[in-house]
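This is what each chain is made of:
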Amino acid sequence: MEDNRPPDPEVLREMIDAPPIARVVNLIISQAVCDNATSAHIDSLEDKLRVRYRVDNRLQDVMEPPKEIQHAVVGRIKVMADMDIAEWRIPQVGSIELNHEGRDFKVQVSTFPCIHGEKVVLQFLPSEVALALGRMQLSDFNQARIRGLLESRAGMLLVVGKTRSGKSTVLRSLVRELNDERRNIFTVERSIGHKIEGVNQIEVNPRVGLVESSVIRSLMRGDPDVIMIERLHGCEAGRLAFEAAASKYLVLAGCYQDDAAAGVCHMNQMNVEAHLVTHGLRGVWAQTLLPRLCEECKQPQTAPANIVGLEEGALIYRRMGCQACNQSGYNGLIGVQEGLIMSEELQEAILRRASVSELRDFVEPPMRTDALGKLKAGWISLLDFVIEFERNGSL
């Protein structure tokens, strides 16, 4: 690795206190918030810095500060996040609390030692981000099923999806839906960026032994009604969560899997006994996020002939680009979901360790069908639909 070590701490402190450096860092953060970015990336390249924002799940270049201010910019962010400015050889994690135009944010800061200097990632977590169930772009059918599952007094609702598919947002929204004075609700979270009034939120801390399994075990003594586990991780945590769900608690849990059927099979991989899954599981909610077309500039087109479920010549829309969407053609993201509800037939399939392909027969309707409805409604483009759901990737 090249020698890109920062100056001595005393020299670096003088550099980071300079007004121009403060203005650059403030601009990077404030502009990211104004652009509704979920994260900002500061890359140390060979001859410059590169700042990128992730907007609508896509990274885009926004500025290229000079290489000369690299250490000062990184150092100032480290100070703001209460990190060690003298340590540049290992990754670090910190956080910043900020208020922008009346909105409170927690910014999770991560640094990484790279060949041309440290990379910084800032993830923006608004303190109040959770949608009411009626605003989560669910079909009437899916919304009715989810509300039915939430009425259960015990059992597990498993929420699955890929990275950046909105699992945590879904889980927090379900917690808000259930949150009232009649329920004692606990959450087990990796990083508490969103505070929910009246909910007992616990942040795991592996460095002191506070991991998912130990928290879940202790919660059994806390007389809970609802337990939300942001990420179901590890065999012991999986077993304990299903034991709680199979007894008398409503458990909401998330895990990384592509679809609902894969979420069920993942429990086998976590060595959760099949009988515990069949007794504890009430349903699986799988979700992915697709770019939502900008309503100001989307253009009509006719559907081709080779998309199953889409009538040739039907009216659909494609993206263009305008000032309102910063020429991207998109404005936000839209969720595409599928559900898997426990039944006697599904219980039998789980007990005999059915394959993912067999379990997909129990999904109704599949995610592709939900996406097809949103394509016909003009919310997503044909290109994004094909990329996500047509395995041959061709039109």
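Draft legend 1. The side chain of Lys78, seen in detail. Turning to its location among the elements, Lys78 is positioned in helix α3 (residues 70-80). By relative accessible area, which is 2% here, Lys78 ends up buried. Leaving out residues up to four positions away in the same chain, Lys78 has contacts with Met83, Asp84, Ile85, Glu87, Trp88, Gln92, Thr111 and Glu118.

Draft legend 2. Broad picture of the nonpolar core. By size, the foremost hydrophobic cluster in this structure holds 59 residues, and its most contacted members are Met156, Leu158, Leu232, Phe242, Met267, Leu281 and Phe385. Of the residues forming this core, the biggest block, six residues, is contributed by helix α7 (residues 235-247). Non-local contacts of Met267, meaning those with residues more than four positions away in its chain, are made with Leu158, Leu232, Phe242, Cys255, Val272 and Val277. Counting residues in hydrophobic clusters, the runner-up holds 31 residues, among them Ile16, Ile21, Val55 and Val120.

Draft legend 3. Geometry of empty space enclosed by the protein. A full pass over the atoms with the stated rule returns four cavities of 30 Å³ or more. Of the volumes computed, that of the largest cavity is approximately 110 Å³. In this structure, the largest cavity is lined by 15 residues; those nearest its centre are Asn4, Pro6, His71, Trp88 and Glu118. Among the elements of the structure, α3, β5 (103-114) and β6 (117-126) are those that each provide at least two residues to the lining of the largest cavity. Per element, the largest residue contribution to the lining of the largest cavity is five residues, and it comes from α3. In terms of residue class, the lining of the largest cavity is made up of eight nonpolar, five polar and two charged. When its volume is computed, the second largest cavity comes out at roughly 80 Å³. Lining the second largest cavity are Leu138, Asn142, Arg145, Ile146, Leu149, Leu157, Val284, Trp285, Gln337, Glu338, Gly339 and Ile341.

Draft legend 4. Seen up close, a negative patch on the surface. Together, Asp8, Glu10, Glu14 and Asp17 line one region of the surface with negative charge. With respect to the helices and strands, Glu10 occurs in helix α1 (residues 9-16). Take Glu10: its relative accessible area is 58%, and that puts it in the exposed class.

Draft legend 5. Up close: the confidence of the model for the protein chain. In the predicted model, the protein chain carries a mean pLDDT of 90, and the fraction of residues at 70 or more is 95%. Per-element confidence in the protein chain ranges from a low mean pLDDT of 85 for helix α4 (residues 140-150) to a high of 97 for strand β10 (residues 226-229).

Draft legend 6. Highlighting the packing of helix α6 (residues 212-219) against α7. Axis separation between α6 and α7 bottoms out at 8 Å; the angle between their running directions is 25°. By the angle class used here, α6 and α7 are roughly parallel. Crossing of α6 against α7: the hand is left-handed. The residues of α7 that touch α6, namely those facing Glu212, Ser213, Ile216 and Arg217, are Glu236, Ala237, Leu240 and Ala241.

Draft legend 7. Molecular detail of the pattern of salt bridges. A full pass over the atoms with the stated rule returns 23 salt bridges. Notably, a salt bridge pairs Arg172 with Glu189, separated by 3.0 Å at the nearest N-O pair. Here Glu189 lies in strand β8 (residues 185-189) and Arg172 lies in helix α5 (residues 167-178), a separation of 17 residues in the sequence. Assessed through its relative accessible area of 6%, Arg172 is described here as buried. Of the charged contacts in the structure, one is a salt bridge between Arg182 and Asp180, with a shortest N-O distance of 2.8 Å. On the basis of relative accessible area, Arg182 is assigned to the exposed category, the value being 62%. Taken together, the shared-partner salt bridges connect Asp43, Arg50, Arg52 and Lys119 into one network.

Draft legend 8. How the structure looks around the packing of helix α2 (residues 19-34) against α3. Running from N to C, α2 and α3 point in directions that differ by 70°, and their axes come no closer than 10 Å. Judged by the angle between their axes, α2 and α3 are roughly perpendicular. Where α2 crosses over α3, the two elements pack in a sense that is right-handed. For the pair α2 and α3, the contacting residues are Ile21, Ala22, Val24, Val25, Ile28 and Ile29 in the first and Ala72, Val73, Arg76, Ile77 and Met80 in the second. In the contact of α2 with α3, the residues fall into ten nonpolar, no polar and one charged.

Draft legend 9. Local environment of the sheet that holds β10. Strand order in this open sheet of seven strands is β9-β8-β10-β11-β7-β12-β15, and the pairing throughout is mixed. The two strands at the open ends of the sheet, each matched to only one other strand, are β9 (200-203) and β15 (330-341). Strand-to-strand twist of the sheet, defined as the mean angle between neighbouring strand axes without regard to direction, takes the value 20°. Pairing analysis gives seven bridges linking strand β7 (residues 155-161) to strand β11 (residues 250-256), with the strands arranged parallel. Each residue of the ladder has a partner; that of Leu158, found in β11, is Ala253. Sheet contacts for α4: β7, β11, β12 (281-293) and β15; angle to β15, the most-contacted strand, approximately 60°.

Here is what the cut-offs are and how they apply
- Residues numbered from 1 in each chain as written.
- Predicted model: local features only at pLDDT ≥ 70, side-chain atom pairs only at ≥ 80, totals over all residues.
- Heavy atoms only, no water.
- Helix = DSSP H or I, 4+ residues; strand = E, 2+ residues; numbered from the N terminus.
- Buried < 20%, exposed > 50% of the residue type's maximum accessible area, 1.4 Å probe, protein only.
- Contact = heavy atoms within 4.5 Å.
- Core = buried A, V, L, I, M, F, W, Y, C linked by side-chain atoms within 4.5 Å.
- 1 Å grid on protein atoms, 1.4 Å probe; cavity = no way out; pocket = protein on both sides within 12 Å on 5 of 7 lines; lining within 4 Å.
- Points joined across faces, edges and corners; volume = space filled by probe spheres on them.
- Nonpolar A, V, L, I, M, F, W, Y, C, P; charged D, E, K, R; others polar.
- Patch = residues over 30% accessible without salt bridge, like charges linked within 9 Å, V, L, I, M, F, W, Y side chains within 5 Å.
- Areas by Shrake-Rupley, 256 points an atom, 1.4 Å probe, with all protein chains shown as cover.
- Salt bridge = Lys/Arg side-chain N within 4 Å of Asp/Glu carboxyl O.
- Lys, Arg positive; Asp, Glu negative; His and termini not counted.
- Charge placed at Lys NZ, Arg CZ, Asp CG, Glu CD.
- pLDDT = per-residue confidence, 0-100.
- Axes fitted to C-alpha atoms, helices over the stretch in contact; angles between N-to-C directions.
- Parallel < 35°, antiparallel > 145°, perpendicular 65-115°, else oblique.
- Left-handed = near helix turned anticlockwise from the far one by under 90°.
- Pairing = 2+ DSSP bridges.

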